[in-house]
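# Reading the structure
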Amino acid sequence: MDDTPTYYGWVWLTGYSIDLATGNALARREVFVQIAGLQIQRRKTDSAPPRNVAPAMRRRGV
């Protein structure tokens, strides 16, 4: 999440496409979303987590 000031209940989310061979960022994407509309997707226990996804971090106050 970006710390840029926004309207109440809205945030900027930033994501990156990562080159698995080098670990370098290939592309950056930003999306402006309402927090109330976000849904957490639970991992399926029978599959391994994707290699290019970092653990989600939650910040207080948003």
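Read on for an overview of the structure. Remember, it's a predicted structure, so these values are computed and weren't measured experimentally.

What follows is about the pairing of strand β1 (residues 10-18). Where β1 meets strand β2 (residues 25-34), nine bridges bridge the pair, whose relative direction is antiparallel. The residue bridging Gly-15 from the neighbouring strand is Arg-29, located in β2. Linking β1 back to β2 in an antiparallel pair, the connection comprises six residues, with Gly-23 at a positive phi of about 80°.

A surface patch of nonpolar side chains, amounting to about 330 Å² of accessible area, comprises Tyr-7, Trp-12 and Phe-32. Summarising the element assignment, Tyr-7 is placed in the segment before β1. On the accessibility criterion, Tyr-7 (65% relative accessible area) is exposed.

Taken as a whole and assessed by the stated rule, the structure comprises two aromatic pairs. Summarising the aromatic geometry, the rings of Trp-10 and Phe-32 are spaced 5.0 Å apart at their centres and angled 25° between planes, so their arrangement reads as stacked. Linking Trp-10 in strand β1 with Phe-32 in strand β2, this pair joins segments that are 22 residues apart in sequence. Measuring from ring centre to ring centre gives 4.8 Å for Trp-12 and Phe-32, while their planes differ by 35°; the resulting arrangement is tilted. Pair noted here: Trp-12 is in strand β1 and Phe-32 is in strand β2, with a separation of 20 residues, a long-range link. Members of the aromatic cluster, each reached through a chain of ring pairs, are Trp-10, Trp-12 and Phe-32.

You can see Leu-26 is positioned in strand β2. With 10 residues separating them in the primary sequence, Leu-26 and Tyr-16 have C-alpha atoms 7.1 Å apart.

Cut-off values and rules
Residues numbered from 1 in each chain as written. Predicted model: local features only at pLDDT ≥ 70, side-chain atom pairs only at ≥ 80, totals over all residues. Heavy atoms only, no water. Pairing = 2+ DSSP bridges. Helix = DSSP H or I, 4+ residues; strand = E, 2+ residues; numbered from the N terminus. Patch = residues over 30% accessible without salt bridge, like charges linked within 9 Å, V, L, I, M, F, W, Y side chains within 5 Å. Areas by Shrake-Rupley, 256 points an atom, 1.4 Å probe, with all protein chains shown as cover. Salt bridge = Lys/Arg side-chain N within 4 Å of Asp/Glu carboxyl O. Buried < 20%, exposed > 50% of the residue type's maximum accessible area, 1.4 Å probe, protein only. Phe/Tyr/Trp six-rings, centres within 6.5 Å; stacked < 30°, edge-to-face > 60°.

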